[in-house]
Amino acid sequence: MKKVMMICLFAVAAMTASAQKFALIDMEYILKNVPAYERANEQLNQVSKKWQAEVEALNTEASTLYKNYQNEVVFLSQEQKKAKQEAIMQKEKEASELKRKYFGPEGELFKKRTSLMTPIQDEIYNAVKDISDQRGYSLVVDRAANAGIIFGSPKVDISNEVLQKLGYGN
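Because the structure is predicted, anything quoted here is derived from the model rather than measured.

1. Quick word on the overall build of the protein
Now for step 1: When you go through the protein residue by residue, the secondary structure sums to 6 helices and 2 strands.
Now for step 2: Of the regular secondary structure in the protein, the N- to C-terminal order runs α-β-α-α-α-α-β-α.
Now for step 3: In the protein, which comprises 170 residues, the proportion classed as buried is 26%.
Now for step 4: Long-range contacts, defined here as pairs at least 24 residues apart, represent 78% of the contacts in the protein between residues at least 6 apart.
Now for step 5: When the accessible surface of the protein is totalled, it reaches about 11,800 Å², and 55% of it is carbon and sulfur.

2. Here's the deal with the pattern of salt bridges
Now for step 1: For the coordinates displayed, the defined rule picks out 9 salt bridges.
Now for step 2: Here Glu94 ties to Lys91 by a salt bridge, and the two come within 3.8 Å at their closest N and O atoms. Taken together, the residues Glu94 and Lys91, both in helix α4 (residues 78-103) and 3 residues apart, mark about one turn of the helix.
Now for step 3: A relative accessible area of 16% means that Lys91 is categorised as buried.
Now for step 4: Close ionic contact of Glu97 with Lys93 constitutes a salt bridge, the shortest N to O distance being 4.0 Å. Here Glu97 pairs with Lys93, and both are found in helix α4, just 4 residues apart, close to one helical turn.

3. Comments concerning the side chain of Ser159
Now for step 1: One can find Ser159 in helix α6 (residues 159-166).
Now for step 2: The contacts of Ser159, once residues within four sequence positions are left out, are Leu24, Ile25, Asp26, Tyr29 and Ile30.

4. Notes on the packing of aromatic side chains
Given two aromatic rings, one states the distance between the centres and the angle between the planes to describe the pair.
Now for step 1: Scanning the entire structure with this criterion turns up 2 aromatic pairs.
Now for step 2: With 4.5 Å between their ring centres and 5 degrees between their planes, Trp51 and Tyr102 make a pair best called stacked. With Trp51 in helix α3 (residues 35-72) and Tyr102 in helix α4, the pair connects residues that are 51 residues apart, well separated along the chain.
Now for step 3: Relative to Phe103, the ring of Tyr102 lies with its centre 6.3 Å away and its plane at 80 degrees, an arrangement referred to as edge-to-face.
Now for step 4: Take Tyr102: its relative accessible area is 9%, and that puts it in the buried class.

5. Description of α4
Now for step 1: Compared with an ideal rise of 1.5 Å per residue, which puts 26 residues at 38 Å, α4 spans 37 Å between its outermost C-alpha atoms and is within 8% of the ideal.
Now for step 2: Within the sequence span of α4, burial applies to Ile88, Lys91, Ala95, Leu98 and Tyr102.
Now for step 3: Tucked inside the fold, the buried residues of α4 contact α3 and α5 (108-135).

6. Digging into the packing of α3 against α4
Now for step 1: Between α3 and α4, the least distance of the axes is 9 Å, while the angle of their chain directions is 165 degrees. By the angle between their axes, α3 is roughly antiparallel relative to α4. Regarding α3 and α4, the two cross each other, and that crossing is left-handed.
Now for step 2: A breakdown of the residues in the contact of α3 with α4 according to their chemical character gives 13 nonpolar, 4 polar and 9 charged.

What counts as what
- Residues numbered from 1 in each chain as written.
- Predicted model: local features only at pLDDT ≥ 70, side-chain atom pairs only at ≥ 80, totals over all residues.
- Heavy atoms only, no water.
- Helix = DSSP H or I, 4+ residues; strand = E, 2+ residues; numbered from the N terminus.
- Buried < 20%, exposed > 50% of the residue type's maximum accessible area, 1.4 Å probe, protein only.
- Contact = heavy atoms within 4.5 Å.
- Areas by Shrake-Rupley, 256 points an atom, 1.4 Å probe, with all protein chains shown as cover.
- Salt bridge = Lys/Arg side-chain N within 4 Å of Asp/Glu carboxyl O.
- Phe/Tyr/Trp six-rings, centres within 6.5 Å; stacked < 30°, edge-to-face > 60°.
- Expected span 1.5 Å × (residues − 1).
- Axes fitted to C-alpha atoms, helices over the stretch in contact; angles between N-to-C directions.
- Parallel < 35°, antiparallel > 145°, perpendicular 65-115°, else oblique.
- Left-handed = near helix turned anticlockwise from the far one by under 90°.
- Nonpolar A, V, L, I, M, F, W, Y, C, P; charged D, E, K, R; others polar.

As far as function goes, none of this settles anything; it's purely spatial.
Right under this line is the structure:
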């Protein structure tokens, strides 16, 4: 339904605004050709693996505590059982909180991604805006992100021009 609405919207826009100029970009193609993007992705992958290892270490500790508890449960008093159970739950809670801190919606990984990617995205946006202003484009659509585009003529694809404007031209 969403695709049909997008196609209808573009068809109506094309009919009513025939004097307006349109262009396409392929953001995936542009990003693959921007070295800073690749470096930022590598940095994010490394920090993500490091943080994931920290979370897994806490989960392993909790699992070990639980296995030990299972092996000793018949020899423990009620107070000892309760203390061991609380220690296990505390370790699981620490792991859960650490995971949320690093990987949650407002977590450290999100903040890191934003700080690394925003300057790159802003630079691309500014290059697209400059080209659009120079050529008089009313609309620039990202063909990589919009599943509603079935065909886009290479004549209106300005991806290589954006890369040249950014200094990464072929």
